[in-house]
Amino acid sequence: MADIRVGIGYDCHRFAEGRRLVLGGVEVPHDKGLAGHSDADVVTHAAIDALLGAAGLGDIGTHFPDDSEQWQGADSLELASEVKETLEKHGWSIVNVDVTLILESPRISEYRELMSMGIAKALGLEIEQASVKATTNEGMGFIGRGEGAGAIATALLERQ
Ligand SMILES: [Zn+2]
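These numbers come from a predicted model, not from an experiment.

Procedures and definitions
Residues numbered from 1 in each chain as written. Predicted model: local features only at pLDDT ≥ 70, side-chain atom pairs only at ≥ 80, totals over all residues. Heavy atoms only, no water. Helix = DSSP H or I, 4+ residues; strand = E, 2+ residues; numbered from the N terminus. Rg over C-alpha atoms; globule rule 2.2 N^0.38 Å. Buried < 20%, exposed > 50% of the residue type's maximum accessible area, 1.4 Å probe, protein only. Donors = N, O, S within 2.8 Å, 3.2 Å for Na, K, Ca; no water. Patch = residues over 30% accessible without salt bridge, like charges linked within 9 Å, V, L, I, M, F, W, Y side chains within 5 Å. Areas by Shrake-Rupley, 256 points an atom, 1.4 Å probe, with all protein chains shown as cover. Salt bridge = Lys/Arg side-chain N within 4 Å of Asp/Glu carboxyl O. Lys, Arg positive; Asp, Glu negative; His and termini not counted. Charge placed at Lys NZ, Arg CZ, Asp CG, Glu CD. Expected span 1.5 Å × (residues − 1).

Caption draft 1: Layout of the overall build of the chain. Of the regular secondary structure elements, the chain holds five helices and seven strands. Over its C-alpha atoms the chain spans a radius of gyration of 15 Å, differing by no more than 12% from the 15 Å that the globule rule assigns to 160 residues. For the C-alpha atoms alone, the extent of the chain along its principal axes is close to 45 × 35 × 25 Å. Out of the 160 residues in the chain, the part that is buried amounts to 46%.

Okay, structure coming up:
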């Protein structure tokens, strides 16, 4: 029996004027961006929480506190790379991550593969091991009203 662990992650951020929209490390052209202490990359944050959760190592806030100046405006893909190193130190390698981004607009289909590539590179994975998908909320709730974006992720780890 292989020593494997699964984790889940969820994140959401509010849209705000005058912010860049960074999703899975890709800057997507839009009239608003997501607000947050770092680059507010909701896709990468959900993936990080799934990875840390699988290893039982807390969450993104434990590792990168949002009241620390060190992480102000941080590139979340760099945080993901740090998480990968932390996992390795604890004897884990990543089998895959799978993220579903939920937002009403903009349409991100043309950026989906770039997001997978960015996350894969940050985590030392092949692109097929770093899946990013997107859906809308069919006009319902805060995401449907365009107030923010959310992401949910799963990750699988195996003992090195
Ligand atoms: Zn976040």
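Past the structure itself, the notes keep going.
Caption draft 2: Looking closely at the coordination of the zinc ion. Those protein atoms acting as donors to the zinc ion are D11 (OD), H13 (NE2) and H45 (ND1), and they sit at 2.0 Å. Mapping the donors of the zinc ion onto the primary sequence gives the spacing D-x1-H-x31-H. On the basis of relative accessible area, D11 is assigned to the buried category, the value being 16%. The exposure class assigned to H13 is buried, which follows from its relative accessible area of 16%.

Caption draft 3: Structural view of a negative patch on the surface. Taken together, D75, E78, E82 and E85 make up a surface patch of like negative charges. Note on placement: E82 falls in helix α3 (residues 76-89). Its relative accessible area of 38% is what places E82 among the partly exposed residues.

Caption draft 4: Examining the pattern of salt bridges more closely. Taken as a whole, this structure holds five salt bridges when the rule is applied. For E88, the salt bridge is made with K84, and the minimal N-O distance between the two is 2.9 Å. Residue E88 and its partner K84 are both found in helix α3; the two are separated by four residues, about one turn of the helix. Between R145 and E147 there is a salt bridge, with the nearest N and O atoms lying 2.7 Å from each other. The exposed category is assigned to R145, whose relative accessible area is 57%.

Caption draft 5: View of helix α1 (residues 42-55). Taking 1.5 Å per residue as the helical rise, α1 with its 14 residues ought to reach 20 Å, and the 20 Å between its terminal C-alpha atoms agrees with that figure. The element α1 is extensively covered by neighbouring structure, given that 13 of its 14 residues are classed as buried. Phi turns positive, to about 65 degrees, at G56, one or two residues after α1.

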